[in-house]
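Next come the chains, spelled out residue by residue.
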Amino acid sequence: MPPDVSVRDLVKHYVVPERAGGLRASFRSVLRRKHRLVRAVDGISFQVDRGEVVGFLGPNGAGKTTALKVLSGLLHPTDGEVDVLGFTPWDRRAEYLSRITLIMGQRQQLFWDLPAADSFLVNKAVFGIDDAVYTRTVDLLTELLDLGDLLTKPVRQLSLGERMKVELAAGLLHGPRVLFLDEPTIGLDVTMQQRIREFVTAYNAETGATVLLTSHYMADVKALARRVIVIDKGQLLYDGALDGLVRRYAPHKTITVHLERETDLPDLNGQAEILSVEGLQVTVRAGKDDAPEVTGRLLTQLPIADLSVEDPPLEEVIDQVFRGEGP
Amino acid sequence: MIVRRTTLAGALALTRAEIADMFQYRTQLFIYALWSVIGPIVYLAVWGSIAGDGDVGGLRQSDFAAYYLTFMLVTQLTVAIEIYTFGPMIQQGELSPHLLRPMNPVWVAAARNISYKSVSMLLMIPLWFGFVFILRPEFSVTVGSVALFVAALMLAALLSFLVGTTFALLAFWTTRSYSFWEIWVWLTFLLGGQVAPVELLPGFVQNLATALPMRYTLGFPIEVLLNRLDAGQLALGFALQILWLAAAALTVRAVWRAGIRQYSAVGA
């Protein structure tokens with residue numbers, strides 16, 4: 001089975017006008033405008049198989065959103081090949097647009113002053129969804145997203161979280177097979193973020209849809225994607241399993257021990273570094289290969305009440321990747 | 001041009017929603033409508049006083065009243081609002097959600113145009129009858145002229161919409177598409193039958209006005225309704241109107257295709 005999404009050497013450069021602040025710069029720019037080339041996406045390649053959920057990670061301005069916009073046909077790339085479900089996205093064929101969706105956390109497609117139900121009816125007509133399918137889909141989405149009576153209230157009266165749920169539903173009415181989600185949980189409270197995550201998981205399980213999502217929240221990625229693609233400055237840094245990312249970029253384990261009583265710490269032979277001692281809690285960082293030996297020594301030489309060995313938090317790992325540290 | 005069935009259904013649903021949405025702004029629309037009657041009243045006052053008890057180029061005071069009262073409705077029905085509705089959508093990245101639908105976003109602009117006119121007409125028509133009652137113009141219309149008027153009016157509205165859309169699409173390249181639009185507005189003011197009926201323009205300027213597209217977005221339908229044209233002028237007028245319409249349609253298509261490659265979906 002061919003992959004749902006196939007991207008080869010994708011490049012998207014923008015030319016943006018640039019000038020310094022101040023009146024003088026302003027006059028100068030009338031005569032001669034300076035431009036700057038922004039390499040938003042600079043040669044990335046990857047594939048996504050049917051039914052996969054892939055997290056797109058990267059700092060602000062990494063090129064994640066630009067890549068999603070190209071994939072969903074909003075932007076023409078500068079170079080490269082993209083194939084999604086057998087279509088070239090920027091041809092914007094009706095058959096293509098009927099099979100995908102792009103949901104952007106900050107953008108809204110709903111009529112602000114009207115109940116969302118009105119916007120839904122527009123989508124129903126535009127996508128040519130027949131009555132039975134429409135009713136079934138709205139019922140399913142209402143249940144999964146707990147929409148209740150949100151659809152009959154004017155959109156401007158909804159809270160941010162409620163609006164996001166309705167926005168998601170609007171983007172899914174036509175039953176797309178590939179979902180591009182750009183920061184779907186941005187600005188939402190923890191409960192609502194959790195809710196959206198559960199929904200995406202359920203939707204993926206229920207429909208077998210392929211999902212490519214970007215998020216600032218590591219929790220989103222951890223909960224949803226087994227595979228991550230990390231990009232920075234328009235280039236692909238990592239593509240693979242989430243665990244692999246941690247293994248590759250976090251060559252350390254963090255060992256935390258709770259002592260039964262105060263005691264001197266053993267010599268760790270330079271195999272581990274003591275990060276902190278807070279009362280009876282000691283945190284030690286050891287190289288991944290040394291971790292078993294260090295753990296053994298701690299267990300035999302110390303009066304231990306409790307011990308845990310953990311990978312560093314994903315945020316830390318990602319931060320390390322973006323700062324160009326690690327292997 | 002082949003239009004998909006779902007596109008038509010979609011455009012219809014969109015227009016319905018736009019009309020519902022437009023009603024939220026009825027006060028604003030009422031003020032626009034009031035404002036749009038002031039222009040023709042001023043032109044009428046000026047030409048009326050010049051004509052006095054006599055005429056100007058064969059037009060008497062009551063002819064001017066008929067012309068500018070018709071103008072009042074025609075201008076409201078043919079006005080292009082795309083520079084204010086569609087242009088900002090492109091500039092602010094709001095085009096993106098519409099680009100994700102299997103329907104050209106120009107339909108969104110069309111739906112907004114139609115809904116604006118439908119709702120503002122509800123306010124304009126009572127106002128208009130008020131003016132007719134006060135000014136008592138002499139309409140020398142016939143069944144034939146009304147039928148031709150309806151055709152010319154629809155073509156004028158379409159042409160005006162396409163021209164407005166073309167200028168709005170310049171937002172793909174420049175943040176100053178308003179400046180270009182101003183030029184069109186001025187040319188229409190001078191040559192479109194606004195400051196004066198085209199038949200009153202001096203020889204050379206009148207020929208220019210006849211050839212250029214502005215008259216076909218505004219003055220031409222009025223002249224048709226009021227029987228100011230002979231058969232030859234009518235035929236030439238319709239031919240030129242259709243010609244400009246075809247040119248405008250091709251232009252919109254070409255500009256759209258070039259613009260969409262350029263679209264940067266700023267911030268959206």
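Residues numbered from 1 in each chain as written. Chains lettered and ligands numbered in written order. Predicted model: local features only at pLDDT ≥ 70, side-chain atom pairs only at ≥ 80, totals over all residues.

Asker: Explain the overall build of chain A here, please?
Answerer: Assigned secondary structure in chain A consists of 11 helices and 13 strands. Along the three orthogonal principal directions, the C-alpha set of chain A runs to about 75 × 60 × 45 Å. The proportion of buried residues among the 327 residues of chain A is 37%. If you take every contact in chain A between residues at least 6 apart in sequence, the share linking residues at least 24 apart comes to 72%. (Helix = DSSP H or I, 4+ residues; strand = E, 2+ residues; numbered from the N terminus. Buried ≥ 20, exposed ≤ 12 C-beta atoms within 10 Å, placed from the backbone. Contact = placed C-beta atoms within 7 Å.)

Asker: Hey, could you run me through the overall build of chain B in this one?
Answerer: Along the backbone of chain B there are 11 helices and 2 strands. In terms of overall size, chain B behaves like a compact globule, its C-alpha atoms giving a radius of gyration of 19 Å where 268 residues would be expected to give roughly 18 Å. With the C-alpha coordinates of chain B rotated into their principal frame, the extents come out at 60 × 40 × 35 Å. Scored against the burial criterion, the 268 residues of chain B give a buried share of 45%. Look at the contacts in chain B between residues 6 or more apart in sequence, and 80% of them connect residues 24 or more apart. (Rg over C-alpha atoms; globule rule 2.2 N^0.38 Å.)

Asker: Explain the nonpolar core here, please?
Answerer: One recurring pattern in soluble globular proteins is that nonpolar side chains are buried together. If you look at the biggest cluster of nonpolar residues, it comprises 143 residues, and the most contacted ones within it are Phe-180 and Leu-212 of chain A together with Ala-156 of chain B. Examining the composition of this core, we find that 13 residues originate from one element, helix H7 (residues 143–169) of chain B, more than from any other. Contact partners of Phe-180 of chain A, with chain neighbours within four places excluded, come to Leu-68, Leu-71, Ser-72, Ile-100, Thr-101, Leu-102 and Leu-212 of chain A. (Core = buried A, V, L, I, M, F, W, Y, C linked by C-beta atoms within 7 Å.)

Asker: It is not clear to me how the packing of helix H2 (residues 26–51) of chain B against helix H3 (residues 61–78) of chain B should be interpreted in this structure. Could you clarify?
Answerer: Residues and elements named next belong to chain B. Contact geometry for H2 and H3: axes closest at 9 Å, N-to-C directions at 165 degrees. Relative to H3, the element H2 lies roughly antiparallel. In the crossing of H2 with H3, the sense of the turn from one axis to the other is right-handed. Along the contact surface, H2 presents Ser-36, Val-37, Pro-40, Tyr-43, Leu-44, Trp-47, Gly-48 and Ala-51, while H3 presents Gln-61, Phe-64, Ala-65, Tyr-68, Phe-71, Met-72, Thr-75 and Gln-76. For the contact of H2 with H3, the residue count by class is 11 nonpolar, 5 polar and no charged. (Axes fitted to C-alpha atoms, helices over the stretch in contact; angles between N-to-C directions. Parallel < 35°, antiparallel > 145°, perpendicular 65-115°, else oblique. Left-handed = near helix turned anticlockwise from the far one by under 90°. Nonpolar A, V, L, I, M, F, W, Y, C, P; charged D, E, K, R; others polar.)

Asker: When you look at the pairing of strand E12 (residues 281–287) of chain A in this model, what are you seeing that I'm missing?
Answerer: Residue and element names in this part refer to chain A. Going residue by residue along E12, you find Val-282, Val-284 and Ala-286 tucked away on one face and Gln-281, Thr-283, Arg-285 and Gly-287 left uncovered on the opposite face. Sheet topology places strand E10 (residues 252–259) next to E12; 7 bridges connect them, and they run antiparallel. If you follow His-258 over to E12, its bridge partner there is Gln-281. Pairing between strand E11 (residues 272–278) and E12: 6 bridges, direction antiparallel. Counterpart to Glu-273 in the pairing with E12 is Arg-285. Counting the residues in the hairpin turn of E11 and E12 gives 2 residues, including Gly-279, whose phi is positive at 60 degrees. (Pairing = 2+ DSSP bridges.)

Asker: Explain the sheet that holds E12 of chain A to me, please; I cannot follow it from the model alone.
Answerer: Residue and element names in this part refer to chain A. The strand order E11-E12-E10-E13 describes an open sheet built from 4 strands, whose pairing is antiparallel. Edge strands, defined here as strands with exactly one partner in the open sheet, are E11 and strand E13 (304–310). Shown here is a sheet whose adjacent strand axes are inclined to one another by a mean of 20 degrees, direction ignored. On the sheet, helix H10 (residues 291–301) packs against E10, E11, E12 and E13 and is oriented at approximately 175 degrees with respect to E13.

Asker: I tried to follow the environment of Phe-180 of chain B on my own but got confused; where do I start?
Answerer: Residue and element names in this part refer to chain B. Its place among the elements puts Phe-180 in helix H8 (residues 177–191). Distance from Phe-180 to Leu-170, taken between C-alpha atoms, is 8.8 Å for residues 10 residues apart in sequence. For Phe-180, the residues in contact, after removing those within four places along its chain, are Phe-167 and Leu-170.

Asker: Help me understand helix H11 (residues 314–322) of chain A in this model?
Answerer: A turn of α-helix holds 3.6 residues, and therefore any two residues three or four places apart point the same way. Residues and elements named next belong to chain A. What H11 keeps buried is the set Val-317, Ile-318 and Val-321. The buried residues of H11 occupy one face: seen down the axis, they fall within an arc of 95 degrees. Tucked into the core, H11 has its buried residues touching strand E3 (53–57), helix H8 (218–224), strand E8 (227–232), strand E9 (235–241) and helix H9 (242–249). (Arc of directions from axis to C-beta.)

Asker: How do you make sense of the sheet that holds strand E7 (residues 210–214) of chain A when you look at a structure like this?
Answerer: The strands that make up a sheet pair up through hydrogen bonds in the backbone, lying either parallel or antiparallel. Residues and elements named next belong to chain A. Spatial ordering of the open sheet is given by E5-E6-E7-E3-E8-E9, a layout of 6 strands whose pairing is mixed. The two strands at the open ends of the sheet, each matched to only one other strand, are strand E5 (100–104) and E9. Strand-to-strand twist in this sheet, taken as the mean axis angle between neighbours without regard to direction, amounts to 15 degrees. Pairing geometry for E3 and E7, over 4 bridges, is parallel. Residue pairing across strands places Val-54 opposite Leu-212, the latter belonging to E7.

Asker: Could you clarify how one ought to interpret the confidence of the model for chain B in this entry?
Answerer: Atomic detail in the predicted coordinates should be set aside for any region of low pLDDT. When pLDDT is averaged across chain B, the result is 92; 97% of the residues are at 70 or more. Scored as a complex, the prediction yields pTM 0.86 and ipTM 0.85. (pLDDT = per-residue confidence, 0-100.)

Asker: Would you explain the pairing of E10 of chain A in this entry?
Answerer: Across 6 bridges, E10 of chain A lies against E13 of chain A in antiparallel orientation. Among the inter-strand pairings, Leu-259 of chain A is bridged to a residue of E13 of chain A, identified as Ile-304 of chain A.

Asker: Before we go on, may I ask you to explain the domain arrangement of chain A in this structure?
Answerer: It is common to report an interface's size as the accessible area lost on association of the parts. When the domains of chain A are assigned, the result is domain 1 (5–246) and domain 2 (251–310). Put simply, the middle of domain 1 of chain A and the middle of domain 2 of chain A, counted by C-alpha atoms, are 44 Å apart. (Domains from an automatic or database assignment.)

Asker: Is there a simple way to think about the interface of chain A and chain B in this case?
Answerer: The interface is formed by 26 residues belonging to chain A together with 23 residues belonging to chain B. Elements that contribute at least two residues to the side of chain A that touches chain B include exactly helix H3 (94–97), E5 and helix H4 (116–127) of chain A. Element by element, the count of residues in the side of chain A that touches chain B is highest for H4 of chain A, at 7 residues. Here the side of chain A that touches chain B is composed, by residue class, of 14 nonpolar, 7 polar and 5 charged.

Asker: What am I meant to see in unusual backbone geometry here?
Answerer: If a residue is not glycine, its phi is most likely negative; likewise, a peptide bond is most likely trans. All names here are of chain A. Positive phi, close to 50 degrees, is recorded for Asp-9, a residue that is not glycine. With respect to the helices and strands, the residue Asp-9 is situated in strand E1 (residues 5–18). For Asp-9, a count of 13 C-beta atoms within 10 Å puts it in the partly exposed group.

Asker: Looking at this model, I keep getting lost on the confidence of the model for chain A. Mind explaining?
Answerer: Of the residues in chain A, 98% have a pLDDT of 70 or more, and the chain-wide mean is 87. Summarising per-element confidence for chain A, the mean pLDDT is lowest in helix H1 (residues 23–31) of chain A (73) and highest in strand E4 (residues 79–84) of chain A (96).

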